[in-house]
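Listed here are the chains, written in short residue letters.
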Amino acid sequence: MAGPMKIRATAKAGYTDIRVLMNHPMETGLRKGSDGKPIPSHFIQNVTVKVNGKTVIEGQTSQAISRNPVFSFRVKGGNKGDKVEIGWTDNKGEHNQTEAAVA
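Residues numbered from 1 in each chain as written. Predicted model: local features only at pLDDT ≥ 70, side-chain atom pairs only at ≥ 80, totals over all residues. Heavy atoms only, no water.

K.L.:
Would you mind showing me how to read the side chain of Glu27 here?
P.N.:
Inspection of the secondary structure assignment puts Glu27 in the loop between β2 (15–21) and β3 (44–51). At 2.5 Å, the side chain of Glu27 forms a polar contact with the side chain of Arg31. (Helix = DSSP H or I, 4+ residues; strand = E, 2+ residues; numbered from the N terminus. Polar contact = N/O pair within 3.5 Å; in protein donor to acceptor, adjacent residues only side chain to side chain.)

This is the structure in structure tokens:
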């Protein structure tokens, strides 16, 4: 089961750096459990980044990403106080979303 995300967004001269820790088990489907049976795949498939409600990044990932991944994004523009929202959906339909203000 996925946990809360931690996000940090910082405005610089003409751009905003966004860094997020996404708590997720990220199983590839290739690993076997203690009973010898394969552990079903469970991974983040879609990631969306919005600034002030406008989608600025949409991406797809695969099972090749490690557990609890950290993503960094740099977006053009942005000011202190702007609202940054990040959300993901995984291959089992679970989803998570968090938001923070740009510092």
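K.L.:
What am I meant to see in the environment of Gly81 here?
P.N.:
Its location among the elements puts Gly81 in the loop between β5 (70–76) and β6 (83–90). Taking the C-alpha atoms as reference points, Gly81 and Asn52, separated by 29 residues in sequence, lie 9.7 Å from one another. When neighbours within four sequence positions are excluded, Gly81 is seen to be in contact with Ala101 and Val102. (Contact = heavy atoms within 4.5 Å.)

K.L.:
Would you take a moment to explain the pairing of β3 for this structure?
P.N.:
Side chains on a regular strand alternate between the two faces of the sheet. Relative to β6, β3 runs antiparallel, the two sharing seven bridges. Residue pairing across strands places Lys50 opposite Glu85, the latter belonging to β6. Sheet analysis places β3 next to strand β4 (residues 54–60), joined by six bridges and oriented antiparallel. Paired with Val47 across the two strands is Gly59, which belongs to β4. As consecutive antiparallel partners, β3 and β4 are separated by two residues, and within that stretch Asn52 has a phi angle of approximately 55°, a positive value. (Pairing = 2+ DSSP bridges.)

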